Structures are given as C-alpha cells and as structure tokens.
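Structure at a glance
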Amino acid sequence: MDLTIRGATVVTPTGRFAADIHVHGGKIVALGTLDAFPAQVVDAGGLFAIPGVVDSHVHFMDPGEPEREDFITGSAAAAAGGTTTVIEHTHGAPVVDVEGLRRKVAHLSRRSLIDFGLAAHVWPDRLARISELWEAGPAYLKVFTCETHGVPAVLAGDLLQCFRAAARFHGLLLIHCEDDAMTRERERALREAGRADYGIVPEWRSREAEEIAAAETALLARLTGARVVIAHTSHPEAVELVHREHARGARVWVESCPQYFFLKEAEVLRHGPFRKFTPPARLRDGEDAARMWRLLAEGWITHISTDHAPSTRAQKQGGDIWQVPFGLPGVETTLTLMLHAVRAGSVTLERVVDALCERPARLYGFYPRKGSLLPGADADITLVDPARSRVIQDDQVISKAGWSPYAGMAVVGGPVMTFSRGRLVAKDGRPQGEPGWGRWLPGAGSPAP
Ligand SMILES: [Zn+2]
C-alpha cells in the first residue's frame, strides 16, 4: 500500500523543512507536495519526521537467556521507542564463528518486528579466523578488554593482533573498555574485605579501569589503522583520552548511552541491582552532565546507542550485588530521553537525528538505505511529537524487564508512530503487527546483497 505522510517537518542532521513524504513499495520515493499521488494518508501536522532510530548496541538474549528478553519482545519494545533498526549481540550465546552466525540468522527469521544487524564476538583463541567471520556479515566484531558476563578478555598482545587483522580486512570493531587487571584486582580486594554492599559497583568498575582501557584501545587503533568504536563511554575524561588519538589520526568513534547523561553515580547506593551496569553511571554533579552534553553537541561523542541488557525484577533480586546480572533496559526510552534533552536545550534535534539515526547507519554500512529520509531510502520513519508529555512508568514497559530506571521521570517529547519499510510497527507506545516483518541486514564485510 502506498503511503503519504502529510504536513510533517522533516528533520535531517543539517536542518529541517516542511514536506510530505511519499512511500511506494516500502521506499521513500519523493519529498514535497504531490497532489495526484494516490495513497493512504497519515496526517502529521505539528509532528517531526525523523529517520527511524538505528540502535547499534542492544542485547535481546535470543537465543541465550530468553527469560530476560527475546527478539519478539525486544524488537517490539524498540519499535515502540521509535527504533527501526537494531544491531544485536548476546553474551549468553555468543556468535563466535560463521556457522553460529548462520544459525542465529535462521533462528531469527520470524522473530523480529524491525530490521536487524547482528554482531559477532572475538574470542581470544579464535583470532586467526576473524577474517572469515567478518565476511559472513556481522555488523561489527565485539571485543572485551576485561572478562565480563562470561566473555573472556582480549589482552593487549591479542588486541594488537586483532586490530592488525581488522585493518587488513577493513573490519569494524566495538570494544568494551575496562582494564582486566584493574577490575580483577579490585574484585579480589573488595571480596577479601567482605564487602557486598551496593557501593562495590563503582569501586570495582572504576573510572581508572575504563580510562586505561579506552586510552590503550585508541592508541592501538592509531598504531594499526583499524576502525574501532569505543563502546558505552561513560564520562568526559574517557572521551577526551580517545579524542587525543583521534586527533593524531586514529580511526575511532565514541559511543555513549542515555544512562551516562541522566543517571547519577550515587543512585546505585540506594537502588543497588537496578543500577548495576558496567561501566557504571559516573555523574556526580551538574557540571559532569553539562560536559557530556557539550561533548555530544560537538560530536566528540559520535553516536548514541542503548546497550539494552534487561533483567526482570526477580532476576535483579535473585542474589547479592556480586551475583545479579549487569545491565539496564532502555530501547523504549532512548529517543524519548534525547527529545526531552532537546526540549531542555541540552542538544539540538538535528544533532539527535545525526547521533541516533544517520551516524550509526553510516558507520555500520546501512546508509543511505537506513538512517536517511532521502528518496531511495527504506521508508523507516519515526513521527515525533515534540510536545507530548508523559511520566515514564514501569507498567508501560514492553520489554520483559518490566521496569525502567527512569520510572517516575516526567518527559516532554516522544515518538507517536514508527514505520518500518512503510508499514506501521508502533503507535502511541504500543507495537503494531506481527514479528517476522523484520529482516536481517548483512554487514559491510559480506559479499551478499
Ligand atoms: Zn552491551
């Protein structure tokens, strides 16, 4: 069915203009007024039209830990939040070889509401085969510099080898940056002291551990020429360390997430497991948050993802603070929180469109099919109401998590309709349609179409 979205203000990274959007065969075919275009009409007067969000870092645990999330609930939650593309990987059932990626693509053939890329994990004992893994089509290769969630660390010597190989085959790496020796030493010392209070989280996963790993990663990127994304960067010093190597020629990008702009370090002392994620929240005062917003506005933080890694309340309360899983739910709130920040004057809507839509689509090889409203692009369109106000509530959460760290927060601005290739997949915060619409998007290394 052809579709015309009428009367919206189209927002791009460089500006905004009034235009109708015409959709045919799941693609945007024209912007502007076409009186004779026969189509179903959606009235979007007073709304902004932005490209659907490309959330390049989510964990839907499917297969893996489906009691925490699965692709059906995760992709529906993402659509409700204004997202039309996710890039997913799961630590509980990591993809470490070509066969594993093929199996996962087959498993997900009818389980996603929106289009998706998949990442693969770099395992230290499989470094010799990452080139063939890259050619199978993951959107990126994920590397941990410290042992976390049962995923082994890739230490400096192996990291150098991995980066040299990735530079040769033009791969793209996403690096979780925390120093293994430092987190290990802190864990041992805290456990020896008998500590199991909530304060262990920021002591164990310290600023220093993140800064050392981020600096080392960015340096190795410069020395090898590998293309590297620093995952979920949590505070301004880490961003600035990475930027130093970027200024000297490193091909590095800096990802961050809403939790590093909105949640405070001290909240863990009260909320414990519900603020256990790593790197943890670092904001101590208003100046920390202002610096993060400046780094985002200026593009030093290049893009925003969610790092959606949900657990249910029961799972978060199923043991002491050492035992319960890391991670937060977030796919439903990322765009809303960023729109709220636009309203507050912390960042422009154009920059939000760049950081959530166009930049990740370009980085991971999906642009201009994704992350764009240009004619020829997939009709992945999110209509946003800048004046919509609501209080975030646990009972509205679609993710299996069933709770949000932002519950109780009053926000202004939010998605009202999400279209995936021209089909309505969410309206007013509720998913629409059946899973199975979403298709796998092979990564840039794949020779497949
Ligand atoms: Zn993650």
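For the structure itself, look to the data block above.
Being a predicted model, the structure only gives us computed values, none of them experimental.

This part takes up helix H14 (residues 349-363). The end-to-end C-alpha separation of H14 is 20 Å, in line with the 21 Å expected for 15 residues at 1.5 Å each. In the structure, H14 departs most strongly from a straight axis at Ala 355, where the bend amounts to approximately 40°. Counting buried positions along H14 gives 13 out of 15 residues, so the element sits mostly inside the fold. Gly 365 sits one or two residues past H14 and shows a positive phi near 85°.

The next point concerns helix H7 (residues 207-224). Between the first and last C-alpha of H7 there are 26 Å, a value that for 18 residues agrees with the 26 Å anticipated at 1.5 Å per step. The set of residues buried in H7 consists of Arg 207, Ala 209, Glu 210, Ala 213, Ala 214, Thr 217, Ala 218, Leu 220, Ala 221 and Thr 224. Of the residues flanking the end of H7, it is Gly 225, one or two places downstream, whose phi is positive at about 85°.

Our next topic: the layout of surface pockets. Its volume calculated, the largest pocket comes out at about 540 Å³. Lining the largest pocket are 35 residues, with Thr 148, His 149, Gly 150, Thr 278 and Phe 326 positioned closest to its centre. Of all the elements in the fold, those that place two or more residues in the lining of the largest pocket are strand E10 (141-144) and helix H5 (180-192). Residue contributions to the lining of the largest pocket peak at five residues, all from H5. Across the lining of the largest pocket, the residue classes tally to 11 nonpolar, 13 polar and 11 charged.

For sheets, the rule is that strands pair by backbone hydrogen bonds, running either parallel or antiparallel. The parallel open sheet is built from six strands, whose spatial order is E9-E10-E11-E12-E13-E14. Where the open sheet ends on each side, the last strands, each with one partner, are strand E9 (120-121) and strand E14 (303-304). As judged from the two bridges shared by strand E13 (residues 252-256) and E14, these two strands associate in the parallel manner. Each residue of the ladder has a partner; that of Ser 256, found in E14, is Ile 304. The sheet contacts of helix H4 (residues 156-168) involve E10, strand E11 (172-176) and strand E12 (227-230), and relative to E11 the element is tilted by about 155°.

Turning our attention to the environment of Ala 193. Mapped onto the elements of the fold, Ala 193 is located in the loop between H5 and helix H6 (200-204). In this structure, the C-alpha to C-alpha distance between Ala 193 and Gln 317, residues 124 residues apart in sequence, is 23 Å.

A few words now on the coordination of the zinc ion. At this site the zinc ion is bound by His 57 (NE2), His 59 (NE2) and Asp 307 (OD), with donor distances of 2.1 Å. One chain supplies every donor for the zinc ion, spaced along it as H-x1-H-x247-D. Placement of the pair is His 59 in the loop between strand E6 (53-58) and helix H1 (71-80) and Asp 307 in the loop between E14 and helix H12 (313-316), with a sequence separation of 248 residues. On the accessibility criterion, His 59 (3% relative accessible area) is buried. Judged by its relative accessible area of 11%, Asp 307 is buried.

Working note: regular strand, side chains alternate between the two faces of the sheet. Where burial is concerned, the two faces of E10 agree: the one with Leu 141 and Val 143 and the one with Lys 142 and Phe 144 are both buried. Looking at chain direction, E9 and E10 are connected through two bridges and run parallel. Opposite Ala 120, over in E10, you have Leu 141 as the bridge partner. With helix H3 (residues 130-135) bridging E9 and its parallel neighbour E10, the resulting β-α-β unit is right-handed. Across four bridges, E10 lies against E11 in parallel orientation. Looking at E11, one finds that Leu 141 is bridged to Leu 173. Assessed by its sense of winding, the connection that carries the chain from E10 through H4 to E11 is right-handed.

This next bit is on the pairing of E11. Within E11, five of the five residues are buried, which leaves it mostly tucked inside the rest of the structure. Here E11 shows two buried faces, one formed by Leu 172, Leu 174 and His 176 and the other by Leu 173 and Ile 175. Where E11 meets E12, four bridges bridge the pair, whose relative direction is parallel. The partner of Leu 174 across the bridge, within E12, is Val 229.

Turning our eyes to something else, we now look at the environment of Val 242. As for its position among the elements, Val 242 is in helix H8 (residues 236-247). Val 242 gets classed as buried once you look at its relative accessible area, which sits at 1%. Counting along the chain gives 28 residues from Val 242 to Ala 214, while the straight-line C-alpha distance between them is 6.5 Å.

Two numbers describe how H7 lies on H8: the axes approach to 8 Å, and their chain directions differ by 15°. The angle between the axes of H7 and H8 places the two elements in the roughly parallel class. Judged by the twist between their axes, the crossing of H7 over H8 is right-handed. Across the interface between the two elements, Glu 210, Glu 211, Ala 214, Ala 215, Ala 218, Leu 219 and Arg 222 from H7 touch Glu 237, Ala 238, Leu 241, Val 242 and Glu 245 from H8. Split by residue class, the contact of H7 with H8 holds seven nonpolar, no polar and five charged.

A few words on the packing of aromatic side chains. Applying the stated criterion to the full structure yields 11 aromatic pairs. Measuring from ring centre to ring centre gives 4.9 Å for Phe 274 and Trp 403, while their planes differ by 90°; the resulting arrangement is edge-to-face. Note that Phe 274 is positioned in the loop between helix H10 (267-271) and helix H11 (286-297) and Trp 403 in the loop between strand E15 (381-391) and strand E16 (410-420), a separation of 129 residues in sequence. Aromatic ring contacts, followed pair by pair, group Phe 261, Phe 262, Trp 293 and Tyr 406 into a single cluster. One residue, Lys 276, lies across the ring of Phe 326, its end atom 4.5 Å from the ring centre.

Quick notes on the rules
- What you see as residue numbers is a count from 1 along each chain, following the sequence as written.
- Only residues with pLDDT of at least 70 are given local features in this predicted model, and only at 80 or more are side-chain atom pairs given and counted; all residues enter the totals for whole chains, interfaces and linings.
- To get the side-chain values, all heavy atoms of the structure are used, and hydrogens and water are removed first.
- We count a stretch as a helix when DSSP gives it H or I for four or more residues in a row; a strand needs E for two or more, and each element gets its number in order from the N terminus.
- An expected span of 1.5 Å times one less than the residue number is assigned to each helix.
- In this analysis the local bend is the angle between axes fitted, respectively, to the seven residues ending at and the seven residues starting at the residue.
- Residue exposure (1.4 Å probe, protein chains only): buried if accessible area is under 20% of the type maximum, exposed if over 50%, otherwise partly exposed.
- The rule is simple: put a 1 Å grid over the protein atoms alone, call a set of points where a 1.4 Å probe fits but cannot get out a cavity, call an open set with protein on both sides within 12 Å along at least five of seven lines a pocket, and count a residue as lining if it has an atom within 4 Å of a point.
- Grid points are joined across faces, edges and corners, and a volume is the space filled by probe spheres set on the points.
- Asp, Glu, Lys and Arg are counted as charged, while Ala, Val, Leu, Ile, Met, Phe, Trp, Tyr, Cys and Pro are counted as nonpolar; the rest, among them Gly, fall into the polar class.
- For two strands to be treated as a pair, DSSP must find at least two bridges joining them.
- In this description, contact between two residues means that some pair of their heavy atoms is separated by no more than 4.5 Å.
- Here an axis means a line fitted to C-alpha atoms, over the contact stretch when the element is a helix, while the angle between two N-to-C directions is reported on a 0 to 180 degree scale.
- Water is absent from the atoms considered, so a metal site may look incomplete; donors are defined as N, O and S atoms within 2.8 Å of the metal, or 3.2 Å for Na, K and Ca.
- Here is how to tell: hold the view so the strands point away, follow the path from the first strand over the helix to the second, and if it runs clockwise the crossover is right-handed.
- Any angle between 65 and 115 degrees counts as roughly perpendicular, while under 35 counts as roughly parallel, over 145 as roughly antiparallel, and the rest as oblique.
- Helix crossings get a hand from a simple test, with the near helix turned counterclockwise from the far one by less than a right angle marking a left-handed crossing and a clockwise turn marking a right-handed one.
- Geometry of aromatic contacts follows a simple scheme: Phe, Tyr and Trp rings, the Trp one being its six-membered ring, pair when their centres are within 6.5 Å, and the pair is stacked under 30 degrees between planes, edge-to-face over 60, tilted otherwise.
- The criterion is that NZ of a Lys, or CZ of an Arg, lies within 6 Å of the ring centre and within 35 degrees of the ring normal, and then a charge sits over that ring.

All quantities given are derived from atomic positions and should not be read as evidence of function.
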